[in-house]
Amino acid sequence: MKKALTGIVLLALVISLIGCGSGNGKEAASSAPASSPAGSADASPSASASESKDPVKLRVAWWGGQARHDYTLKVIELYESLNPHVTIEPEYAAFDDHWKKLAPNAAAGNLPDVIQMDISYLSQYGGRGQLEDLTPYTQNGTIDVSSISEASISGGKLGDQLFAMNLGSNALLAVIDKAMLEAAGGTMPNEDWTWDDFTKLGPVMKSQGKLLTADLRHDVFFPFYLRGKGQHMYAADGKGLGYTDDQLFIDFYTRYQEWYNNGYLLSLDKLAQKKGTPEDGELEMGNAVSTWGWSNQYILSSTVAKRPFEILPVPGWNENKALFLKPSMYFSIAKNSKVKEEAAKFIDFWVNNIEANKIIMGERGVPVSSKVKEALKPDLTPEQAKVFDYVAWAEQNSSQMDPPNPVGAVEVDKLLKDTAEQILYKKLTVEEGAAKFREEATKILSKN
Amino acid sequence: MKLRENDHVVGYAFAAPFILGFLLFIVYPVFSSLYYSFTNYNLLEAPSWVGFDNYTKMFTDDEKYAKSISVTLNYVLASVPLRLAFALGVAMLLNKAIAGIGLYRSAYYLPSLIGGSVAVSILWSQVFGDKGLVNSALGLIGIESSTSWIGNPGTALWTLIALSVWQFGSSMLIFLAGLKNIPKDYYEAASVDGANKVRQFFKITLPLLSPIILFNLIMQTISAFMTFTPAYIISRGEGGPLDETLLYSLYLYKRAFTFYEMGYASAMAWVALIAIGLVTLLIFQSSRYWVHYESKGDR
């Protein structure tokens, strides 16, 4: 009896081992053809077009909200229908979660083939050997850059290596609900407005029970303010802050505090509950007269609100040529990808294909390809056209953007937000906040 | 002899799935985290050895770390006693012979079944939000309030404590079982001697229940120290406002996955392990002064 039992158990073990074994076998079998065409393609790029018809699995990861997920999946469908041998596995999440998923994948050597990249993480991933240099692919034409300006491409460079392909140009702007402003008795400012002009709208809107805006993103607008003063947030070598005079911090946050204390901004306890989606935005819901952000976000804002807005440049844009164009986001190829050639083709499709861009419609920034931009013009809605016009205008009135944020900037950005909250909650004076921010930020950045 | 060997084989074969899983998914990660705790590891590059740097930084040069400890201690000191008291109170109510008692017991256990989950935390942020249930209820009794209890630094942690107290079910069940084990004659004898209900509670119920209180206290303290999900969901992963809900495990998670400092986070995990072990030991040591066992033999 015991022997029989032993036999059964051993048999069960053997069977389960076989089960595991065959599972591995399957994996190996499916990954083998995926890697072989890449190998051959690398060796002879010219022959790849005809030879790489073996099935290819491509993992593409991005962040965004529901609207972006929806149209991105449509673009992927289009790509798959044009390239039947390619199967794309989408991996999408919200911004924060995207990066939380990516790092462990990097540690496991398992990054998705195509990764949507942000400027604040470019140094971390590119500088630490996780991303492939795209230069060979732009040189051999796999990624066609013939209609893309050098300025647009260089935003993805670290040193002379191109780690990320710009998907669209962005510029900072203020979105104003002109109708609401005029109904409240205010007059629409012109593009030469100042922060004081903005402050003066505060009491006008407050008398109607409206806000100026929910908030201004600290890690975006404080650096922009610094640019207007001819300074930068980060030192060129990334080992410290780029501005030396804390008075700049004090000036900016004294004004910010004045807005907050006067009730022109959304109270922090309510702000903490905001999802950060346009559906949840104070401007979009008709509670605030403006919202501040990047030009690509305007498209979703106006779609959600279902009413037209006006675009104004951010005050201070004309001081020291503070205004700049920035890649809204990039696509990168993971170093560990086994199908880099196919990944590059997908990126080329995204950047240059007109049908694809008729689905994207500038939601990831104004297309970098001049051909695509021209082709889209007739199809733009009036609201989309405003963004394209604004970015074109900004291009003429801007100077070069700051280099990609140094490693540690993610933590410094959070530190800035924390410090600002402590000021607004009156736990710190503005002066104390300025000093504390410098001390802590220097500590973080000095590790570089 | 031969048979005995076979016995071992069968035993190991049956235990093999667990042992393999234990080695692979518990022992190996635990010891690699010990190694990582002495390194600087950002997940994107290979770890580099830094000795005790992570540990020294924690205690000398990290304000947020100190803040997270104070938040966690506040949370544990408030939520564990409240939860146990609440659980005991409800258990005593449910220890009565009334019609449909089984239904009541199930109903009171429900919050714990779904407890600790993401869905409940999301529900909680609605209940305590600026347009939530709590403010509506306050409005009904004439108190107008539009603050978000979750977004307010003074009340944020208390919403988490309230959530923890609300999930008293598992402790309650254990208390209930304990109460049922107390012989009825003790109470009868006490009431014959003229002891009122309060006196009976302190002289009979509490002492006889003390081993169970000890068990619940230890289990709940450990789980309170490790609370993560509600703080993460309700503060949207930030531990705000003003770091008032930055529980230890949430700060550890932020260090690991937001700032990519896996070495530092591993060191934090080891400090937490040792600290929780010490607290548990302390509770055990204290138990000889307040826990009463009916049969002295086993202690």
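Residues numbered from 1 in each chain as written. Chains lettered and ligands numbered in written order. Predicted model: local features only at pLDDT ≥ 70, side-chain atom pairs only at ≥ 80, totals over all residues. Heavy atoms only, no water.

**Some details on the overall build of chain B**
And then number 1: If you tally the helices and strands in chain B, you get 13 helices and two strands.
And then number 2: Projecting the C-alpha coordinates of chain B onto the three principal axes gives extents of approximately 80 × 75 × 35 Å.
And then number 3: The 299 residues of chain B split such that 42% are buried.
And then number 4: The long-range share in chain B, meaning contacts at least 24 apart out of those at least 6 apart in sequence, stands at 67%.
And then number 5: Per element, the accessible surface of chain B, about 16400 Å² overall, is 69% carbon and sulfur.
And then number 6: Where the 20 positive side-chain charges of chain B centre and where its 18 negative ones centre are 9 Å apart. (Helix = DSSP H or I, 4+ residues; strand = E, 2+ residues; numbered from the N terminus. Buried < 20%, exposed > 50% of the residue type's maximum accessible area, 1.4 Å probe, protein only. Contact = heavy atoms within 4.5 Å. Areas by Shrake-Rupley, 256 points an atom, 1.4 Å probe, with all protein chains shown as cover. Lys, Arg positive; Asp, Glu negative; His and termini not counted. Charge placed at Lys NZ, Arg CZ, Asp CG, Glu CD.)

**Thoughts on the overall build of chain A**
And then number 1: Helix and strand counts for chain A come out as 19 helices and 12 strands.
And then number 2: When each of the 448 residues of chain A is scored for burial, the buried share is 53%.
And then number 3: As displayed, chain A has an accessible area near 19000 Å², and 54% of this comes from carbon and sulfur atoms.

**Points about the sheet that holds strand β3 (residues 114-117) of chain A**
Within a sheet, neighbouring strands are paired by backbone hydrogen bonds and run either parallel or antiparallel to one another.
Residues and elements named next belong to chain A.
And then number 1: Strand order in this open sheet of five strands is β2-β1-β3-β12-β6, and the pairing throughout is mixed. Of all strands in the sheet, those bounded by a partner on one side alone are β2 (86-93) and β6 (165-166).
And then number 2: As judged from the eight bridges shared by strand β1 (residues 56-63) and β2, these two strands associate in the parallel manner. Across the sheet, residue Trp-62 finds its bridge partner in β2, namely Tyr-92.
And then number 3: Along the sheet face, helix α4 (residues 95-107) touches β1, β2 and β3 and points at about 135 degrees away from the line of β1. (Pairing = 2+ DSSP bridges. Axes fitted to C-alpha atoms, helices over the stretch in contact; angles between N-to-C directions.)

**A few points about a nonpolar patch on the surface**
Residue and element names in this part refer to chain B.
And then number 1: There is a patch of nonpolar side chains on the surface, built from Tyr-12, Phe-18, Ile-19, Phe-22, Leu-23, Leu-24, Phe-25, Ile-26, Val-30 and Phe-31 and spanning about 1100 Å² of accessible area.
And then number 2: Looking at the element boundaries, Phe-18 is found in helix α1 (residues 2-36).
And then number 3: Owing to a relative accessible area of 58%, Phe-18 belongs among the exposed residues under this scheme. (Patch = residues over 30% accessible without salt bridge, like charges linked within 9 Å, V, L, I, M, F, W, Y side chains within 5 Å. Salt bridge = Lys/Arg side-chain N within 4 Å of Asp/Glu carboxyl O.)

**Some points on the packing of helix α5 (residues 118-127) of chain B against helix α7 (residues 156-166) of chain B**
The packing of two helices is summarised by the inter-axis angle and the distance between the axes.
All names here are of chain B.
And then number 1: At a minimum axis separation of 11 Å, α5 and α7 run at an interaxial angle of 130 degrees. Taken together, the axes of α5 and α7 are oblique relative to one another. Note that α5 runs across α7; the crossing there is right-handed. From α5, Val-120, Ser-121 and Trp-124 reach across to α7, where they touch Thr-159, Ala-162, Leu-163 and Trp-166.
And then number 2: Per-class residue counts for the contact of α5 with α7 are five nonpolar, two polar and no charged. (Parallel < 35°, antiparallel > 145°, perpendicular 65-115°, else oblique. Left-handed = near helix turned anticlockwise from the far one by under 90°. Nonpolar A, V, L, I, M, F, W, Y, C, P; charged D, E, K, R; others polar.)

**A few points about the pairing of strand β12 (residues 330-333) of chain A**
All names here are of chain A.
And then number 1: Covered by surrounding structure in β12 are Tyr-330 and Ser-332 together with Phe-331 and Ile-333, the residues of both alternating faces.
And then number 2: Strand direction decides the pairing type here: β3 and β12, joined by four bridges, are antiparallel. Across the sheet, the residue bridging to Ile-115 is Ser-332, located in β12.
And then number 3: Sheet topology places β6 next to β12; two bridges connect them, and they run antiparallel. Within β12, the position partnered with Met-165 by the bridge is Phe-331.

**Points about the domain arrangement of chain A**
Residue and element names in this part refer to chain A.
And then number 1: What the domain assignment reports for chain A is domain 1 (54-167 + 328-393) and domain 2 (172-326 + 399-445).
And then number 2: Inter-centroid distance (C-alpha atoms) of domain 1 to domain 2 is 28 Å.
And then number 3: With 28 residues of domain 1 in contact, the opposing surface of domain 2 contributes 26 residues.
And then number 4: Sorting the residues of domain 1 by area buried against domain 2 places Ile-119, Tyr-390 and Trp-393 first, and these three jointly supply 28% of that buried surface.
And then number 5: Inspection of the region where domain 1 meets domain 2 yields zero salt bridges.
And then number 6: Between domain 1 and domain 2 we count six residue pairs in polar contact (both at pLDDT 80 or more) in total.
And then number 7: If you list the elements that add at least two residues to the side of domain 1 that touches domain 2, you get α3 (66-82), α5 (119-127), β4 (157-158) and α17 (382-396).
And then number 8: A per-element tally of the side of domain 1 that touches domain 2 places α17 first, with seven residues. (Domains from an automatic or database assignment. Buried area = accessible area lost by both parts, 1.4 Å probe. Polar contact = N/O pair within 3.5 Å; in protein donor to acceptor, adjacent residues only side chain to side chain.)

**A short note on the side chain of Ser398(A)**
Residue and element names in this part refer to chain A.
And then number 1: In this structure, Ser-398 sits in the loop between α17 and α18 (409-424).
And then number 2: Ser-398 gets classed as buried once you look at its relative accessible area, which sits at 16%.
And then number 3: Within the local environment of Ser-398, its side chain forms a polar contact with the backbone oxygen of Ala-394, the two atoms lying 3.0 Å apart.
And then number 4: Among the polar contacts listed, one links the side chain of Ser-398 to the backbone oxygen of Glu-395, at a separation of 3.4 Å.
And then number 5: Discounting chain neighbours no more than four positions away, the residues touching Ser-398 are Lys-321, Leu-323, Phe-324 and Leu-325.

**Thoughts on the interface of chain B and chain A**
And then number 1: Residue-level contacts link 38 residues of chain B with 37 residues of chain A.
And then number 2: Here chain B meets chain A over a buried area of about 3200 Å², counting both sides, of which 55% is carbon and sulfur.
And then number 3: On the chain B side of the contact with chain A, Leu44(B), Leu242(B) and Tyr260(B) bury the most area, a combined 21% of that side's loss.
And then number 4: Across the chain B-chain A interface, the total number found is seven salt bridges.

**Notes on the sheet that holds strand β8 (residues 172-176) of chain A**
Residues and elements named next belong to chain A.
And then number 1: The antiparallel open sheet is built from three strands, whose spatial order is β9-β8-β10. Looking along the sheet, the strands with just one partner apiece sit at the ends: β9 (290-294) and β10 (310-312). Averaged over all pairs of adjacent strands, the angle between their axes in this sheet comes to 30 degrees, without regard to strand direction.
And then number 2: Alignment of β8 against β9, held across five bridges, turns out to be antiparallel. Paired with Leu-172 across the two strands is Trp-294, which belongs to β9.

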